[in-house]
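Take a look at the letters that make up each chain.
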Amino acid sequence: MHEPPDLAAAVRHADLLAVSAERTIYAWTGDRLEARADVMASEEPLEIRLNGKALSITMRTPGHDLELAAGFLHGEGLIRSRADLAEVRAEETNTVEVETSAPVDVSRLERHFYTTSSCGVCGKSSMNAIATLAEPLDARWRTSPAVLLGLPAKLRAAQAVFEATGSLHAAGLFTPAGMPIAVFEDVGRHNAVDKAIGARLLAGDFPLDDTVLMVSGRTSFEIVQKAVMARIPVVAAVSGPSSLAADLASRFGVTLIGFLRGERFNVYSHPGRLEGR
């Protein structure tokens, strides 16, 4: 007799395939880098269109896009209930079209959404847009695994507010030898990165092609984009990157480090900047 299929497991596997991407990475296991297969969370842009006009482009994990669009509009006060929605549909890949049952005035919004047409709504278009503003990084210096392994503790040591509240992200710029240059905290990971980069820009220490960027949490497309624009060749994080972040790092010459914890880490792109590999 055949065993009944595990439908729950099948659904979980299908969901995993939809929101993840497989890549070959290099894992530092204590004394050398080893190539291995890895699965990371997918990240793609989603364009939300309201009554025929582009309203927002947001990076997200694919799936449940209609729900994301509805929740976004509610959170911004553009709709109050299901009755305000005439239709919500997937217009094409990475685009959701929302039609409301009555006209909506978006001019009162305090936030300004990224709706530049040059961005496009796919990873390739987004990277091509960045290519019009920045060249791939070609920094030739190298750093050591030992330096990288010491960065999480140095970042944490500079997080005074996190120690008191446990609720902030941090971003720090370090020399290739691991000396701290600028460390900032913020409730938003991207804001902390902006503060660190902005501090060096205001100080006239720019571009940052001789620095390592270390961030708490995961690495998204936007964080790698900020590094590319600031000419930062090495980006490290205590958690993993999204698939689009890894693709961007690979294309623009950024050495991307993830899961930097204890005595281990993964290298998702350009491992040649590591000594002793």
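In the block above lies the structure referred to throughout.
Quantities reported herein were computed from a predicted structural model and do not represent experimental measurements. (Residues numbered from 1 in each chain as written. Predicted model: local features only at pLDDT ≥ 70, side-chain atom pairs only at ≥ 80, totals over all residues. Heavy atoms only, no water.)

## Quick look at unusual backbone geometry
Consideration 1: Cis geometry is adopted by the peptide bond preceding Pro-207, which originates at Phe-206 and carries an omega value of 0°.
Consideration 2: Position of Pro-207 among the secondary structure elements: in the loop between helix 6 (189-202) and strand 9 (212-215).
Consideration 3: With a phi close to 55°, His-64 is a non-glycine residue in the positive phi region.
Consideration 4: Structurally, His-64 can be placed in the loop between strand 4 (53-60) and helix 2 (65-75). (Helix = DSSP H or I, 4+ residues; strand = E, 2+ residues; numbered from the N terminus.)

## Section: the sheet that holds strand 2 (residues 33-41)
Consideration 1: If you walk across this open sheet you meet the eight strands as 2-1-12-11-10-9-7-8, and the pairing is mixed. The open sheet has two free edges, formed respectively by strand 2 and strand 8 (180-186), since each of these has just one partner strand. Neighbour-to-neighbour, the strand axes of this sheet turn through a mean angle of 25°, independent of strand direction.
Consideration 2: Pairing of strand 10 (residues 234-237) with strand 11 (residues 255-261), which is carried by three bridges, proceeds in the parallel orientation. Across the sheet, the residue bridging to Ala-236 is Ile-257, located in strand 11. (Pairing = 2+ DSSP bridges. Axes fitted to C-alpha atoms, helices over the stretch in contact; angles between N-to-C directions.)

## Comments concerning the nonpolar core
Note on soluble globular proteins: their nonpolar side chains tend to be buried together.
Consideration 1: Within the largest apolar cluster, 34 residues are counted, with the highest numbers of intra-cluster contacts made by Leu-213, Val-228 and Ile-232.
Consideration 2: Every element with two or more residues in this core is listed here: helix 3 (123-131), strand 7 (169-174), helix 6, strand 9, helix 7 (221-230), strand 10 and helix 8 (243-251).
Consideration 3: Element by element, the count of residues in this core is highest for helix 7, at six residues.
Consideration 4: Apart from the residues within four sequence positions on either side, Leu-213 is in contact with Ala-171, Gly-172, Leu-173, Val-193, Ile-223, Ile-232, Val-234, Val-235 and Ala-236.
Consideration 5: Residues Leu-148, Met-214, Ile-257 and Leu-260 belong to the second largest nonpolar core, which totals 19 residues. (Core = buried A, V, L, I, M, F, W, Y, C linked by side-chain atoms within 4.5 Å. Buried < 20%, exposed > 50% of the residue type's maximum accessible area, 1.4 Å probe, protein only. Contact = heavy atoms within 4.5 Å.)

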